[in-house]
Amino acid sequence: MRTLLFSFFLLSLISISCESGKKDKKLNSRVGFSQKMADFDCGAFCDPPSVTYQLPADSSCVNSSQNVMNCFAWKNFLALNWLASDQRGVPDTAAVAADYGMPGDYKPTVWESYLSSDDVFAAKPPAQWNLRSKNGYMKYINEINKFTDINASLPKPKLRAMLGGNVDEIMQAKGAWLTDQSGNIVWYEIRMNTIESDFVRDNKLYNYGSLSAFAAQNQGVWFPLESIEIKAAWRIIPEDQLESLKNFYKISMATVPEIKGFDKNNKPIYGKYSQKYLGLVGLHIIRKTNQSPQFTWMTFEHVNNAPTDGQVDPSVKYCFYDPKSTDKPNQSPVPGKDSLNKPVQVVRIADNAITPEIQQLNKQIQDMIKASNPKSVWQYYQLVNVQWPENPVKDKDNNKKAPLMTGGITPKNIANVTMETYIQEKQCMDCHKNASVGDQKYPTDYSFIFLKVKPGK
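Worth saying up front: this structure is predicted, and the values here are computed from it rather than measured. (Residues numbered from 1 in each chain as written. Predicted model: local features only at pLDDT ≥ 70, side-chain atom pairs only at ≥ 80, totals over all residues. Heavy atoms only, no water.)

As for the overall build of the protein
- Per the secondary structure count, the protein includes eight helices and twelve strands.
- Per-residue burial over the protein gives 53% buried out of 457 residues.
- Looking at the protein alone, contacts between residues at least 24 apart form 72% of all its contacts between residues at least 6 apart.
- A total accessible area of about 20100 Å² is found for the protein, and carbon and sulfur atoms account for 52% of it. (Helix = DSSP H or I, 4+ residues; strand = E, 2+ residues; numbered from the N terminus. Buried < 20%, exposed > 50% of the residue type's maximum accessible area, 1.4 Å probe, protein only. Contact = heavy atoms within 4.5 Å. Areas by Shrake-Rupley, 256 points an atom, 1.4 Å probe, with all protein chains shown as cover.)

Section: the packing of helix α2 (residues 66–80) against helix α7 (residues 356–372)
- For the pair α2 and α7, the least separation of the axes is 11 Å and the interaxial angle reads 35°. The hand of the α2/α7 crossing is right-handed. Residue-level contacts link Asn-67, Asn-70, Cys-71, Trp-74 and Leu-78 of α2 to Glu-357, Ile-358, Leu-361, Asn-362, Ile-365, Met-368 and Ile-369 of α7.
- Its residues assigned to classes, the contact of α2 with α7 comprises eight nonpolar, three polar and one charged. (Axes fitted to C-alpha atoms, helices over the stretch in contact; angles between N-to-C directions. Left-handed = near helix turned anticlockwise from the far one by under 90°. Nonpolar A, V, L, I, M, F, W, Y, C, P; charged D, E, K, R; others polar.)

Regarding the state of the cysteines
- Summed over the entire model, instances satisfying the criterion amount to one disulfide.
- With its sulfur 1.9 Å from that of its partner, Cys-42 forms a disulfide with Cys-71. Across the S-S bond of Cys-42 and Cys-71 the torsion is about -75°, and the bridge reads as left-handed. Of this pair, Cys-42 sits in the loop between α1 (2–31) and α2 while Cys-71 sits in helix α2, and the two are 29 residues apart along the sequence.
- Between Cys-431, a free cysteine, and Cys-428, which holds the nearest cysteine sulfur, the sulfur-to-sulfur gap is 9.3 Å. (Disulfide = S-S within 2.5 Å.)

Brief notes about the nonpolar core
- Core analysis: the largest hydrophobic core is formed by 73 residues, its most contacted members being Trp-74, Trp-111, Ile-285 and Phe-300.
- Residues contacting Phe-300, with those up to four places away along its chain left out, are Ala-73, Trp-74, Phe-77, Val-281, Gly-282, Leu-283, Ile-285, Gln-382, Leu-383, Val-384 and Asn-416. (Core = buried A, V, L, I, M, F, W, Y, C linked by side-chain atoms within 4.5 Å.)

Describing the packing of aromatic side chains
- On inspection of all chains with the given rule, the structure shows 18 aromatic pairs.
- Aromatic ring contacts, followed pair by pair, group Tyr-53, Trp-74, Phe-77, Trp-82, Tyr-100, Phe-300, Trp-378 and Tyr-381 into a single cluster. (Phe/Tyr/Trp six-rings, centres within 6.5 Å; stacked < 30°, edge-to-face > 60°.)

Re the pattern of salt bridges
- Taken as a whole and assessed by the stated rule, the structure comprises 13 salt bridges.
- The salt bridge involving Glu-112 is made with Lys-250; its shortest N-O contact spans 3.2 Å. Here Glu-112, found in the loop between α2 and β1 (115–116), pairs with Lys-250, found in the loop between α6 (242–245) and β6 (251–262); they are 138 residues apart in sequence, far enough to count as distant.
- A relative accessible area of 0% places Glu-112 in the buried class.
- Looking at Lys-250, the relative accessible area reads 5%, which means it is buried.
- We note a salt bridge from Arg-235 to Asp-180, for which the minimum N-O separation is 3.4 Å. Of this pair, Arg-235 sits in strand β5 (residues 228–237) while Asp-180 is found in the loop between β3 (162–163) and β4 (187–192), placing the two residues 55 residues apart along the sequence.
- Relative accessible area serves as the criterion here: at 0%, Asp-180 is assigned to the buried category. (Salt bridge = Lys/Arg side-chain N within 4 Å of Asp/Glu carboxyl O.)

A few points about the pairing of β4
- β4 sits mainly inside the fold: six of its six residues count as buried.
- Relative to β4, β1 runs antiparallel, the two being bridged by two bridges. Opposite Ser-116, over in β4, you have Arg-191 as the bridge partner.
- With six bridges joining them, β4 and β5 adopt antiparallel strand pairing. Its bridge partner being in β5, Met-192 is matched across the sheet by Glu-229. (Pairing = 2+ DSSP bridges.)

Comments concerning helix α4 (residues 194–202)
- Buried within α4 we find Glu-196, Ser-197, Phe-199, Val-200 and Arg-201.
- Tucked into the core, α4 has its buried residues touching β1, α3 (117–120), β4, α5 (208–218) and β5.

Some points on the side chain of Gln-345
- In this fold, Gln-345 is placed in the loop between β8 (296–302) and α7.
- Here Asp-322 takes part through its backbone oxygen, which lies 2.8 Å from a polar atom of the side chain of Gln-345.
- Not counting the four nearest positions on each side in its chain, Gln-345 is found in contact with Gln-181, Phe-320, Tyr-321, Asp-322, Ser-325, Asp-327, Lys-328, Pro-329 and Asn-330. (Polar contact = N/O pair within 3.5 Å; in protein donor to acceptor, adjacent residues only side chain to side chain.)

Describing the pairing of strand β7 (residues 268–287)
- Taking burial as the measure, the 20 residues of β7 include 15 buried ones, the bulk of the element.
- Pairing analysis gives ten bridges linking β5 to β7, with the strands arranged antiparallel. Residue pairing for β7: Ile-236 is matched across the bridge by Leu-278.
- Here β6 folds back onto β7 in antiparallel fashion, the turn holding five residues, of which Asn-266 has a positive phi close to 65°.
- In the sheet, β7 pairs with β8 via six bridges, with the strands oriented antiparallel. Note that in β8 the partner of Leu-283 across the bridge is Phe-300.

Description of the confidence of the model for the protein
- For the protein, the mean per-residue pLDDT works out to 83, and 79% of the residues sit at or above 70.
- Taken together, the stretch residues 132–136 has pLDDT below 50 and engages in three contacts with residues farther than four places along the chain or on a different chain.
- Confidence drops under pLDDT 50 across residues 145–173; counting only partners more than four residues distant or on other chains, this segment forms 104 contacts. (pLDDT = per-residue confidence, 0-100.)

A look at unusual backbone geometry
- Residues Ala-402 and Pro-403 are joined by a peptide bond in cis, for which omega reads 5°.
- With respect to the helices and strands, the residue Pro-403 is situated in the loop between β9 (381–389) and β10 (409–410).
- Even without being a glycine, Phe-295 presents a positive backbone phi close to 70°.
- Here Phe-295 is to be found in the loop between β7 and β8.
- Residue class for Phe-295 comes out buried when judged on its relative accessible area of 0%.

Next up, the structure:
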């Protein structure tokens, strides 16, 4: 009898879940497109991915698994790449799924409307601009990645929205720049959602004295739940290739400086700015939720970035790999020795190969996007992997000095070839658990963004 009652209860729950899915489909006819729940291996009680502006609530499931988290990662990617409204970090709810990722649409996505890390850590409050102002929306970029000094003296154009790679981050301490097969350098930016940026601004954590005092009082800096950080990698789209490539890349316009050379400390010397088109090639998303206080680490790439070692597809023209090259792959260029325009030969190391389960999910999501909008550029992006804590540790129970607990973070193999090109054997938590501030090594919640704050600043 008990078994019968339990079975009836379980079937009732499943029925409720399916009814929820039906309601979602009515909503999706207005804001998104979804395949049948059974098509996605996201867990019996989890909402399936859909092309929608709605950011998923936590992992949307009672018990997490790798498949659940893979679906969660895609749901974040889909929502954060929805078109932004006039308000920072808020999606344009008037936009429709049939226009999702339309080629040639250079308007900012939700995450692009977040404040850049340089805006957040400026002494003066960042200017609030209307994303649809008569002057349009323009990125300003002047960081080339791994070795650049974040405190170098750089040009500061009016209304700058500087895109700064988190260049002091330990994960990216090894290696220099990355040049694609067209001979153009990859550029980087970091952005923070309103919850995280408001936390930094409200507590004046852009000031070293305030940061030190706050960390000592709270035994570390702990971000609020639902904090999100974004790191993006962009390739320059040559103007003579714009018409063809705009159909396959998320493209934004940016004002980019020339690199005139390097100083005696191997720091780049920047020249005048000019307008360029940038194509998105890599995207890190990290999000702190109740189920993932150690953050969920999600990383995506363009499908044509580079092959997995030993798995070259001869039909693909890779952005960072030339099948005819004799160069050893994943070798960092050397400042003062190697040309900025010499392409870097890149492969994904075999240990980081995209799993069959993720490959299957990627194909399903790509097909779903294509069904929503056959022209969408987002069908040419893929999930590489997602890392999450199997045994999460609440902030109050974590270490009060670095290194922090990892929360049983899994899996161990995760790297983005556009951002960890030369250290693919590392994984996120290897370094992020050591993020700290001050002589007492007060932890900074797995984030290295506070390296932007130096004594005297």
